[in-house]
Amino acid sequence: MSTLLPLALLVFGADGVGFQAEIGYEPALLIRGGDYTYSVSIFPDFVDNFYLSHSISGKVGVQLPSDFGIRTTGSFSSSNIPYSKSNIDMEGVWLPSPANWVSHEVTVGAEAMHPVGLRARKTSVLLGVSIIFGKVKGDNNFYRHDPETDYRTYDTKSKILGFQGYLGLNIPLFSFDQFRLQVSPTLKGGAAKEQSVEGVPDDGAWIGPLTLSKWGMALGINLNYDGGKKQ
């Protein structure tokens, strides 16, 4: 991540190039997609279509003489996806019940930004893309009536790989010295797909690879450090 500043200095020279760093927290409301939607209702409930994701991120980059900025990005995300589909099927008369999933993801990527509007030196448009590495784990629940009700639960873990692009704004709330507290409404789009699975029982079969949607909206808050442009 630290290679951006030397590269910018090499291309544009030291004059007019400024260092920037940022840390942030971002909750997001994302669409589940068909593979993780359990409901078979024609009009499914709101919670059947969406899930919550929470991310902690870090960004490092430079602002060029033209005010155009480039940054490398990294984040850790955690998501809960309750009342979802199973990713395995069982032989015989076993019927699936709703599964509950937890996703843990690491993303790395790049971001471009540029000031806009009347407050051109403060409000910025962001455009970025990230690669997603992670795991989805949870319980697969099954039941049968033969002749009494019997239950089984199998814990599985799947590696996932995907991408996500986003378009957003950094809107300043207030500044102190070289630090600025900002709010960031963001539109996101992408997907993460299962690559492998662990924990499938001998009398079961993986019905994947399932794909977890990464489309949705986020509203983050971040603390930005602006080192100022070198003169």
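The notes below deal with the structure included here. Just so you know, these numbers come straight off a predicted model, no measurement behind them. Each chain carries its own residue numbering, running from 1 in the direction its sequence is written. Confidence filtering applies because this is a predicted model: local features only for residues at pLDDT of at least 70, side-chain atom pairs given and counted only at 80 or more, and all residues used for totals across whole chains, interfaces and linings. The side-chain values count all of the structure's non-hydrogen atoms but skip hydrogen atoms and water molecules.

## Topic: a positive patch on the surface
Our working rule: Patch members must show over 30% relative accessible area and no salt bridge, and they are joined within 9 Å when carrying like charges or within 5 Å when they are nonpolar side chains of Val, Leu, Ile, Met, Phe, Trp or Tyr. Surface exposure here means Shrake-Rupley accessible area, sampled with a 1.4 Å probe, where a residue is shielded only by the protein chains that are shown. Salt bridges, as used here, are contacts in which a Lys or Arg side-chain nitrogen is within 4 Å of a carboxyl oxygen on Asp or Glu. The charge count includes Lys and Arg as positive and Asp and Glu as negative, but it does not include His or the ends of the chains. We put the charge of a Lys on NZ, of an Arg on CZ, of an Asp on CG and of a Glu on CD. Numbering goes from the N terminus for both helices and strands, where a helix is a DSSP run of H or I of at least four residues and a strand is a run of E of at least two.
Residues K135, K137, K157 and K159 make up a contiguous surface patch of positive charge. For the positive patch, the elements supplying multiple residues, two or more each, are β6 (124–145) and β7 (149–176). Inspection of the secondary structure puts K137 in strand β6.

## Here we look at the side chain of E26
So the rule is basically this: Residue burial is assigned from relative accessible area. The probe radius is 1.4 Å, only protein chains are included, and a residue is buried under 20% of its type maximum, exposed over 50%, and partly exposed in between. Identification of polar contacts relies on pairs of N or O atoms within 3.5 Å, with a donor-acceptor requirement for protein atoms, meaning one able to donate a hydrogen and the other able to accept it, and with residues adjacent in sequence counted only if both atoms are side-chain atoms. Contact between two residues is taken to exist if any of their heavy atoms lie within 4.5 Å; hydrogens are not considered.
By secondary structure assignment, the location of E26 is in strand β1 (residues 18–31). On the basis of relative accessibility, which here comes to 18%, the residue E26 falls in the buried class. Of the polar contacts made by the side chain of E26, one reaches the side chain of K188; its length is 3.0 Å. Excluding residues within four positions of it along the chain, E26 makes contact with S53, H54, S55, T186, K188, A218, L219 and G220.

## Concerning unusual backbone geometry
Along the chain, G208 connects to P209 via a cis peptide bond; the corresponding omega equals 5°. By the secondary structure assignment, P209 is in the loop between β9 (204–206) and β10 (211–213). A positive phi angle is found at Y83, which is not glycine, with a value near 50°. Look at D177: it is not a glycine, yet its phi comes out positive at around 55°. In this fold, D177 is placed in the loop between β7 and β8 (179–198).

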